[in-house]
There are 2 protein chains.
Amino acid sequence: MGTEFPSYAALYAAGIHNHTQAGISGSSKQGADSIVVSGGYQDDQDFGNEIIYTGHGGRDSAGRHVDDQKLERGNLALVVNEIEGLPLRVIRGADQTNPFAPAEGYRYDGLFRVDSHWCDVGKAGFKVWRYRLLKIGDESPTQEDHTPGAPYEGDNAQTHRLTTSVQRIVRDTKQAKMLKWYYRHTCQVCGIRIAVAGAHYIEAAHIRPLGKPHDGPDTTDNIICLCPNHHIMFDLGAFSISDDYALIGIEGKLSVRDGHKINSEHLAYHRERFLSRFESRG
Amino acid sequence: MGTEFPSYAALYAAGIHNHTQAGISGSSKQGADSIVVSGGYQDDQDFGNEIIYTGHGGRDSAGRHVDDQKLERGNLALVVNEIEGLPLRVIRGADQTNPFAPAEGYRYDGLFRVDSHWCDVGKAGFKVWRYRLLKIGDESPTQEDHTPGAPYEGDNAQTHRLTTSVQRIVRDTKQAKMLKWYYRHTCQVCGIRIAVAGAHYIEAAHIRPLGKPHDGPDTTDNIICLCPNHHIMFDLGAFSISDDYALIGIEGKLSVRDGHKINSEHLAYHRERFLSRFESRG
């Protein structure tokens, strides 16, 4: 596990948690940087790489739940993390009842993402906001009914195949995030702007894909902003883009703002390799 | 690694690869069950948990590339795996030039998913279809600039936060797949049917989520078919569904086919916990 710190003040001094008191460090506009899981909330649940975290508020000075929690400040910040895909640092504080907590002081336990949020009625009978946090890099399919690496027993391949989970992954980076804000979270193909929980959801699509063997760059001249529908269509080759931004495969034209320069070599790369060619199908 | 087999015939007898000769076992309608990576194609690249696999066809009886490969049969089957999210078994055959291949015979190396496909010009100068295969359960963010578990150095938390990759995950199961076919891959909210590469793309959304702490069931009374846009909006609480299927938060009504029974307790669960309540925001 991670590095240990004797106190809240030490966490603050190390730049791990930029708040000297509250459990959530961040703002409702920019999202949260870090949280402290300290066992202070009876509704928290810790499963190691997965944490059900309870928001703040609704408690009196003695720590008793006396009111509903509101979706504001730190609680809203965690929702922004979820929508924008921002990871946050998790620090665990000493808690005798939690096997994943340090024996004393605080410990930095790495980056988690906010998988989902919802409201619930807590053990004390008041409304609480809850968050499912998953450790980044430790995710695997939960529904898998087969151990990878083991031989497949029997011959009902069809059933086996269909009950196994799969993942679709959307990555996000600094350059992608910059461009999302430049386009005000609007799809460059259809103009949709998806409003959720006070923020907006849009995806950054790389024209020439990142990673082997394409090795496209993570630069704004290789990124466009697309809604999830047009992103999946673009990645699967249902449409591509000509040098003058006319769409190929579907009607319309890519909306490109002044100041956003797109590299035409990347457009050609996508057209040549990814655009579905229906005439070649048997 | 996995279990080894002395021959193609032994693979077939064990039900690992249901084809006695071809590298891809499957159909262009149902997708592929398994593939054999045997070093027969000079364009294949093997990185262990990631394989760049070349499709079949375009070769003469001596194995020389003499023509373009077509997106048909096994090649098209792999595209169906990508679109439908179907995993496939990967078997590696002996290949002295590949450090991930067995010394002799064949070895079953677990389940992979088809991440993407594209066409390319192979080393022999003819068109080939290529596939990026990723081992299921071994995926982690590629752009991460920070080692989870290690303390965070310095105080520029903002920069650090924004350059870290995150993942959005969509799971698929047997029940989900059944329902997708029942709705002919059409979104129950907006009616869109996304055509890609001869197939259709739609997502199965669980009303009461799977997994801790919600523990929603993976049964068709807890699943609806949504396009990616409406799926993300539903999961983030931008809309919910009343017992008479009227939408809450956006205009419209959920289209429900005869024979698809939705459990109203799950709808209530989603409404009470996930629907964004703008009035409660600070």
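As named in an unreviewed UniProt entry, chain A is YDG/SRA domain protein, taken from Caballeronia choica.

What follows covers the side chain of A:His206. Residue and element names in this part refer to chain A. Its place among the elements puts His-206 in strand S11 (residues 203-206). A relative accessible area of 12% places His-206 in the buried class. Separated by 2.7 Å, the side chains of His-206 and Asp-218 make a polar contact. In contact with His-206, not counting residues within four places along its chain, are Pro-217, Asp-218, Asn-222, Ile-223 and Phe-234.

Turning our attention to the environment of A:Gln45. Tracing the backbone through its elements, the reader meets A:Gln45 in strand S4 (residues 45-46). Remark: the alpha-carbon pair of A:Gln45 and A:Arg132, spanning 87 residues in sequence, is separated by 9.5 Å. A:Gln45 has contacts with A:Glu50, A:Ile51, A:Ile52, A:Arg130 and B:Pro213, leaving out every residue within four places of it along the chain. Among the polar contacts made by the side chain of A:Gln45, one reaches the side chain of A:Arg130 at a distance of 3.2 Å.

The biggest cluster of nonpolar side chains holds 51 residues, and the ones touching the most others in it are A:Ile35, A:Tyr53, A:Leu78, A:Tyr131, B:Ile224 and B:Ile241. Tallying contributions element by element places helix H2 (residues 73-84) of chain A first for this core, with five residues. Among residues more than four places away in sequence, those in contact with A:Ile35 are A:His17, A:Gly23, A:Ile24, A:Tyr53, A:Leu78, A:Leu88, A:Arg89, A:Val90, A:Ile91 and A:Leu133. By size, the runner-up hydrophobic cluster in this structure holds 50 residues, among which are A:Ile224, B:Leu88, B:Val90 and B:Val196.

Take the packing of aromatic side chains next. All names here are of chain A. Scanning the model with the defined rule gives six aromatic pairs over all chains in all. Between the aromatic rings of Tyr-182 and Tyr-183, the centroid separation amounts to 5.8 Å while the plane-to-plane angle is 90 degrees, which identifies the pairing as edge-to-face. Each ring, one from Phe-234 and one from Phe-239, has its centre 5.4 Å from the other, and the planes form 45 degrees; the classification is tilted. Note on Phe-234: relative accessible area 1%, which makes it buried. Judged by its relative accessible area of 0%, Phe-239 falls in the buried class. Here the guanidinium or amino end of Arg-257 rests over the ring plane of Tyr-182, the centre of that ring lying 4.5 Å away.

Further remarks concern the pairing of strand S2 (residues 24-27) of chain A. Residue and element names in this part refer to chain A. In this structure, S2 lies alongside strand S3 (residues 31-37), joined through four bridges in antiparallel fashion. In the sheet register, Ser-25 faces S3, and the bridge partner there is Ser-34. Linkage of S2 to S3, two consecutive antiparallel strands, is achieved through a turn of three residues.

Analysis parameters
Residues numbered from 1 in each chain as written. Chains lettered and ligands numbered in written order. Predicted model: local features only at pLDDT ≥ 70, side-chain atom pairs only at ≥ 80, totals over all residues. Heavy atoms only, no water. Helix = DSSP H or I, 4+ residues; strand = E, 2+ residues; numbered from the N terminus. Buried < 20%, exposed > 50% of the residue type's maximum accessible area, 1.4 Å probe, protein only. Polar contact = N/O pair within 3.5 Å; in protein donor to acceptor, adjacent residues only side chain to side chain. Contact = heavy atoms within 4.5 Å. Core = buried A, V, L, I, M, F, W, Y, C linked by side-chain atoms within 4.5 Å. Phe/Tyr/Trp six-rings, centres within 6.5 Å; stacked < 30°, edge-to-face > 60°. Lys NZ or Arg CZ within 6 Å of the ring centre and 35° of its normal. Pairing = 2+ DSSP bridges.

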